[in-house]
Amino acid sequence: MQPTNISNPAYFHKVVDCQWACPAHTPVPEYIRLIAQGRYGDAYMVNWVSNVFPGILGRTCDRPCEPACRRGRVESNNGEHPEPVAICRLKRVAADMKEEGISSRMPKAPTRMNGRRIACVGAGPASLTVARDLAPLGYEVTVFEGEAKGGGFMRTQVPRFRLPEEVIDEEVGYIFDLGVKFVAGQRVESMKALMQQGYDAIFVGCGAPRGRDLEIPGRREAARQIHIGIDWLASVSFGHVTQVGRRVIVLGGGNTAMDCCRSARRLGGDDVKVIVRSGFEEMKASPWEKEDAMEEGIPIINYHVPKAFVHENGKLKGMSFEVVRAEYDAKGRRSLVPTGEPDPFFECDEVLIAVGQENSFPWIERDCGIEFDKWGLPVLDARTMQSSVPNVLFGGDSAFGPKNIITAVAHGHEAAVSIDRLLNDENPAQRPSPLTNLMSQKMGIHEWSYDNDTSLEARFKVPWAKAEKALASIKVEVELGFDAATAFREAQRCLNCDVQTVFTQNLCIECDACVDICPMDCITFTGNGEEDDLRQRLNAPALNLAQDLYVSGGLKTGRVMVKDEDVCLHCGLCAERCPTGAWDMQKFLLNTTQAGSGCRDKAPAEQELA
């Protein structure tokens, strides 16, 4: 193998598994260390720069960072149940415990505008991210929203027992305080008309507003007791729906279905069940969302395919289902095969259909120049977020279909960079590399500027409100969040994966002291070879192909140093033990490219003269 190029920003970025997995690339270990130090405002600002909504995401994020967390892999390899660091809930700690007046640390509304006008359609997380990134640069940003308040589906689809409205108001308010013009209660009805208003760029972030229906026998006859899940959640959010029937069936296996069933439980449903056609493990809902629903006494019945809505004279009586099992062909493709069992019947008073969402763009004329694919989605450049009309961009669920809040934020950042480059006569497809930095953490021979002790504690549980209180109201927040002491102990479980083991080969005397002291056997000195061969010859075979090998150049004996990045604890023992300083612990900090002078090829002065 060739020596590893650690100057490539992607190499050490990938080693920080949580940050690599986060669509917005939030520097997770950085803000967790700040929480452990009690610097909650600093931790909040680290989050705000990258993910924009720390308080919202600290309660609702899909947490792609946590399955990637190295802590889970290390504990799993020790024969224990994988328990990643509670990254998402620590984010909430930063939001809940930050000092007063945090807005004073944020950018201010510009006093001088640059003459460029941007329209954002919809006030969801993608549009708000575009506005947050561009407004401080002097762009005049106008956000159009059909509802009275900003937030989009964060406000209308996430129940208040998971996300209090005051948290949404606060974090959306920070963005509008940057001088963003918010046009509430005004839906954009025509893309052509919007294009004619002279905006320099248009960003579409209106979500995937249409829930899929289920056209099976009885659907139309019993329509009064059957509701589309996302529409029903919005009605609950606005107070139009305040109660539900005693017996409720929720169809679907995603997070929307979990929100529906838990909301129904709080609105008077004492017999609420989720029925899904797939297997339990195949449900799209996050594992913790399923656990939370079951914790509240809601059963999940799988492998049941809806067959009919049963009614009498238009009044819903229940539903019949076909029981199926999963079978897989030689290529691993699944099919659901009837078992032949009698069709079960479940009584119910209301049904909530949460079987998926679709994009709907009736307001975008098909002759305005924007191309759509066969699924009704805009044809986009996945990196720049541009449509076939270069100054019309899409993001969030509007772009590639329903995902989650953090993905929408990532889309907003990328779109803002594209708009900034496009309107400064630069190619949006050419993206500057992120800024990276490696800084030694050495304070003495055996002392580091970070706490490198590996905590042996299991993941701490977030306390909940008492069931009788939480289930009595749709507005009582269920999770109470960590207190400061528990937050500190949970933060100490972080392995500081951003503090990298950096090897300087010309200082190495090949004494193998680092090999002897490594608690994970992840360092090996051996003859070079092809990667497949090397992975098998290490002191502990490197079987996770998703993680790279760190390979040095040839040493004096002809051997090379090979380190498996997969299970390294970043404990620093190798660097403490090394007699020559060939190993060092260096903090890797990656700042992703965002809109502004840092994302452009020319300096601002050069642009003004051009």
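Residues numbered from 1 in each chain as written. Predicted model: local features only at pLDDT ≥ 70, side-chain atom pairs only at ≥ 80, totals over all residues. Heavy atoms only, no water.

(A) Examining the overall build of the protein chain more closely. For the protein chain, the helix and strand inventory stands at 23 helices and 24 strands. Computed over its C-alpha atoms, the radius of gyration of the protein chain comes to 27 Å, within 12% of the 25 Å expected for a compact globule of 610 residues. With the principal axes as the frame, the protein chain shows a C-alpha extent of 90 × 70 × 50 Å. Here the analysis covers contacts within the protein chain between residues at least 6 apart in sequence; of these, 72% occur between residues at least 24 apart. On the protein chain, roughly 26500 Å² of surface is accessible, and the fraction owed to carbon and sulfur atoms is 50%. Of the charged side chains in the protein chain, 69 are positive and 84 negative, and the gap between their average positions amounts to 3 Å. (Helix = DSSP H or I, 4+ residues; strand = E, 2+ residues; numbered from the N terminus. Rg over C-alpha atoms; globule rule 2.2 N^0.38 Å. Contact = heavy atoms within 4.5 Å. Areas by Shrake-Rupley, 256 points an atom, 1.4 Å probe, with all protein chains shown as cover. Lys, Arg positive; Asp, Glu negative; His and termini not counted. Charge placed at Lys NZ, Arg CZ, Asp CG, Glu CD.)

(B) Here's a closer look at the pattern of salt bridges. Considering all chains together, one arrives at 54 salt bridges under this definition. Among the salt bridges present, the one from lysine 587 reaches glutamate 30, with a minimum N-O distance of 3.3 Å. With lysine 587 in strand β24 (residues 583-591) and glutamate 30 in helix α3 (residues 28-36), this residue pair connects regions lying 557 residues apart in the sequence. Pair check on accessibility: lysine 587 and glutamate 30 agree, each one buried. For aspartate 292, the salt bridge goes to arginine 262, with nearest N and O atoms at 3.9 Å. Note that aspartate 292 is positioned in helix α15 (residues 287-295) and arginine 262 in helix α14 (residues 255-266), a separation of 30 residues in sequence. Residue class for arginine 262 comes out buried when judged on its relative accessible area of 3%. Taken together, the shared-partner salt bridges in this structure form one network comprising Asp17, Arg70, Arg73 and Asp566. (Salt bridge = Lys/Arg side-chain N within 4 Å of Asp/Glu carboxyl O. Buried < 20%, exposed > 50% of the residue type's maximum accessible area, 1.4 Å probe, protein only.)

(C) Looking closely at the environment of glutamate 341. Looking at the secondary structure, you find glutamate 341 in the loop between β12 (334-338) and β13 (345-347). A sequence separation of 140 residues divides glutamate 341 from glycine 481, and the C-alpha atoms of the two residues are 45 Å apart. Side-chain polar atoms of glutamate 341 contact the side chain of threonine 339, separated by 3.1 Å. (Polar contact = N/O pair within 3.5 Å; in protein donor to acceptor, adjacent residues only side chain to side chain.)

(D) Structural detail: the environment of methionine 45. Following the sequence through the fold, methionine 45 ends up in helix α4 (residues 40-51). Residues methionine 45 and aspartate 533, 488 residues apart in the sequence, show an inter-C-alpha distance of 45 Å. The residues touching methionine 45, leaving out its near neighbours within four places in the chain, are Ile102, Arg105 and Met106.

(E) The packing of aromatic side chains, seen in detail. Within the structure shown, the criterion is met by 11 aromatic pairs. Look at phenylalanine 361 and phenylalanine 372: their rings are 5.7 Å apart centre to centre, the planes differ by 50 degrees, and that puts the pair in the tilted class. Of this pair, phenylalanine 361 sits in the loop between β15 (357-358) and β16 (392-394) while phenylalanine 372 is found in the loop between β15 and β16, placing the two residues 11 residues apart along the sequence. Grouped by ring-pair contacts, the aromatic residues Tyr11, Phe12, Tyr550 and Phe588 constitute a single cluster. When the ring centre of tyrosine 44 is taken as origin, the NZ or CZ atom of lysine 98, which lies over that ring, is 4.8 Å away. Between lysine 290 and the ring centre of phenylalanine 280, over which it is positioned, the NZ or CZ distance is 4.2 Å. (Phe/Tyr/Trp six-rings, centres within 6.5 Å; stacked < 30°, edge-to-face > 60°. Lys NZ or Arg CZ within 6 Å of the ring centre and 35° of its normal.)

(F) Spotlight on unusual backbone geometry. The backbone phi angle of arginine 63 is positive, close to 55 degrees, even though this residue is not glycine. Taking the relative accessible area as the measure of exposure, arginine 63 reaches 6% and is therefore buried.

(G) Quick peek at the confidence of the model for the protein chain. Considering every residue of the protein chain, the mean pLDDT works out to 93; 97% of them sit at 70 or more. Every residue in residues 605-610 is under pLDDT 50, and counting partners more than four places away or in other chains gives five contacts. (pLDDT = per-residue confidence, 0-100.)

(H) Geometry of the pairing of strand β11 (residues 315-328). Relative to β11, strand β10 (residues 304-312) runs antiparallel, the two being bridged by eight bridges. Paired with valine 310 across the strands is glycine 318, a residue of β11. Counting the residues between successive antiparallel strands, the hairpin from β10 to β11 contains two residues, one of them, asparagine 313, with a positive phi of roughly 50 degrees. Both β11 and β13 contribute to a ladder of three bridges, which runs antiparallel. Paired with methionine 319 across the strands is phenylalanine 346, a residue of β13. (Pairing = 2+ DSSP bridges.)

(I) A look at the side chain of serine 387. When you line up the elements, serine 387 lands in the loop between β15 and β16. Among the polar contacts listed, one links the side chain of serine 387 to the backbone oxygen of valine 389, at a separation of 3.0 Å. There is a polar contact of 2.8 Å between the side chain of serine 387 and the backbone oxygen of valine 392. Once residues within four sequence positions are removed from consideration, serine 387 is found in contact with Ile370, Val379, Leu380, Val392 and Phe394.

(J) Highlighting helix α9 (residues 125-134). By the criterion of burial, α9 is predominantly enclosed, with 10 of the 10 residues buried. The set of residues buried in α9 consists of Pro125, Ala126, Ser127, Leu128, Thr129, Val130, Ala131, Arg132, Asp133 and Leu134.

(K) Focus on the pairing of strand β20 (residues 499-503). In terms of residue burial, β20 counts as a mostly covered element, since five of its five residues are buried. Judged by which residues are buried, β20 turns out to be covered on both faces: Val499, Thr501 and Phe503 on one side and Gln500 and Val502 on the other are all buried. Here five bridges tie β20 to β24, and the two strands are oriented antiparallel to one another. Residue pairing for β24: glutamine 500 is matched across the bridge by glutamine 586.

(L) Main features of the packing of α4 against helix α17 (residues 405-422). Where α4 contacts α17, the two axes come as close as 9 Å, and the packing angle between them is 70 degrees. The orientation of α4 relative to α17 falls into the category roughly perpendicular. Side by side, α4 and α17 meet where Val49, Ser50 and Asn51 of the first sit next to Ile406, Val409 and His413 of the second. For the contact of α4 with α17, the per-class residue count stands at three nonpolar, three polar and no charged. (Axes fitted to C-alpha atoms, helices over the stretch in contact; angles between N-to-C directions. Parallel < 35°, antiparallel > 145°, perpendicular 65-115°, else oblique. Nonpolar A, V, L, I, M, F, W, Y, C, P; charged D, E, K, R; others polar.)

(M) Broad picture of the packing of α3 against helix α8 (residues 87-97). Interhelical geometry of α3 versus α8 gives an angle of 55 degrees and a closest axis separation of 10 Å. As summarised for this structure, α3 and α8 are arranged oblique, according to the angle between their axes. Two packed elements cross with a definite hand, and for α3 against α8 that hand is left-handed. The segment α3 lies against α8, with Val28, Tyr31, Ile32 and Ile35 engaging Ile87, Leu90, Lys91, Val93 and Ala94. When grouped by side-chain class, the residues that make up the contact of α3 with α8 number eight nonpolar, no polar and one charged. (Left-handed = near helix turned anticlockwise from the far one by under 90°.)

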